[in-house]
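Structural characterization, general
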Amino acid sequence: IGLGIPAEPLFRSRDEKEGRKPTIKGFLWHQGENDAQRSASSKYKERFDRLLGQFRDDFSEYAPEEDGNKIALIDCYIFDKGDSDSASLPSGVTVGDIKLLNEAKTEISEESDMNFIINSSWQYEGGLKLQVNENSSGVDHGGVGGQHYWAKDMFQLGMEYAKIIVENDLLK
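First, a word on scope: everything that follows refers to the structure included in this document. Every value quoted in this text rests on a predicted model; they were computed, and no experiment measured them.

1. Some points on the pattern of salt bridges
Summed over the entire model, instances satisfying the criterion amount to 7 salt bridges. Of the charged contacts in the structure, one is a salt bridge between Asp49 and Lys45, with a shortest N-O distance of 2.5 Å. Placement of both Asp49 and Lys45 in helix α3 (residues 44-58) is noted, with a separation of 4 residues, approximately one turn of the helix.

Below is the structure:
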């Protein structure tokens, strides 16, 4: 794959040679901003469904009971604080694009009891209302710049991922 990393998963070359077979219980997904930037929000669900299906097929031999549909997906909404097409949004992104994308994420989470969504929203009831490091005040909140969460909110988001993992027995 470049940089001298073999194309097959690293655990195949290490763990399987030693007689261990890993199990993939799930994966965390926190992405979508690029799809909103390209005004591709309306195609997000179709494209993500394809990606998720391919991932589950490709790794089914490592899934519980070798059933790729038993690999959990834990997703999170993308940042949606703006109430108009304002400076708090990345260039070329509209509030409507973000709303469409987050609605697609909701639909995906409802398709399977192995699909989960973290409500990090400013718009949806009960949302975590996480802050991004817009840095308009000049204060460094520990985020990594641009549209990334403040350090304290990254920690809170990590706790939400962990809560889903524990509450749904994904560690067994």
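2. Topic: the sheet that holds strand β1 (residues 26-28)
Across the sheet, which stays open at both edges, the 3 strands sit in the order β1-β2-β3 with parallel pairing between neighbours. A single partner strand is all that each edge strand has here, and the edge strands are β1 and β3 (115-118). Averaged over neighbouring strand pairs, the angle between their axes works out to 15° when direction is ignored. Packed on one face of the sheet, α3 meets β1, β2 (72-76) and β3 and runs near 145° to β2.

3. Some thoughts on the side chain of Ser121
Position of Ser121 relative to the elements: it lies in the loop between β3 and α5 (151-167). Excluding residues within four positions of it along the chain, Ser121 makes contact with Tyr77, Asp80, Gly127, Leu128 and Lys129.

4. Quick look at the packing of aromatic side chains
Summed over the entire model, instances satisfying the criterion amount to 5 aromatic pairs. Ring centres of Phe27 and Phe55 lie 4.4 Å apart, and the angle between their planes is 50°; on these two criteria the pair is classed as tilted. Taken together, the positions of Phe27 in strand β1 and Phe55 in helix α3 put the pair 28 residues apart, joining distant regions of the chain. On the numbers, 4.8 Å between centres and 35° between planes, the contact of Phe55 with Phe59 is tilted.

5. A look at unusual backbone geometry
The backbone phi angle of Glu65 is positive, close to 55°, even though this residue is not glycine. Considering the arrangement of structural elements, one finds Glu65 in the loop between α3 and β2. Positive phi outside glycine occurs at Glu66, with the angle close to 50°.

6. Considerations on α3
Counted at 1.5 Å a residue, the expected span for α3 with its 15 residues is 21 Å, and the 21 Å between its end C-alpha atoms agrees. Looking only at α3, the buried set comprises Tyr44, Phe48, Leu52 and Arg56. The buried residues of α3 occupy an angular sector of 85° when projected down its axis, which confines them to one face. Opposite the buried face of α3, at more than 90 degrees from it, the exposed residues are Glu46, Arg50 and Asp57.

7. Observations regarding the side chain of Asn102
Along the chain, Asn102 falls in helix α4 (residues 95-110). Every residue in contact with Asn102, bar those within four places of it in the chain, is listed here: Tyr77, Ile78, Asp80 and Tyr124.

8. Thoughts on the nonpolar core
Looking at soluble globular proteins, one finds that nonpolar side chains tend to be buried together. In terms of nonpolar packing, the biggest core is built from 16 residues, with Ala36, Tyr44, Phe48, Leu52, Leu73 and Ile108 touching the most fellow members. Looking at this core, the elements that each hand over two or more residues are α3 and α4. The element best represented in this core is α4, accounting for 4 residues. Aside from chain neighbours lying at most four places away, what touches Tyr44 is Trp29, Gln31, Gly32, Asp35, Asp75, Leu101, Ala104, Lys105 and Ile108. Formed by 14 residues, the second largest nonpolar core is a distinct cluster that contains Phe116, Ile118, Val132 and Tyr161.

Rules used in this analysis
- Residues numbered from 1 in each chain as written.
- Predicted model: local features only at pLDDT ≥ 70, side-chain atom pairs only at ≥ 80, totals over all residues.
- Heavy atoms only, no water.
- Salt bridge = Lys/Arg side-chain N within 4 Å of Asp/Glu carboxyl O.
- Helix = DSSP H or I, 4+ residues; strand = E, 2+ residues; numbered from the N terminus.
- Pairing = 2+ DSSP bridges.
- Axes fitted to C-alpha atoms, helices over the stretch in contact; angles between N-to-C directions.
- Contact = heavy atoms within 4.5 Å.
- Phe/Tyr/Trp six-rings, centres within 6.5 Å; stacked < 30°, edge-to-face > 60°.
- Expected span 1.5 Å × (residues − 1).
- Buried < 20%, exposed > 50% of the residue type's maximum accessible area, 1.4 Å probe, protein only.
- Arc of directions from axis to C-beta.
- Core = buried A, V, L, I, M, F, W, Y, C linked by side-chain atoms within 4.5 Å.

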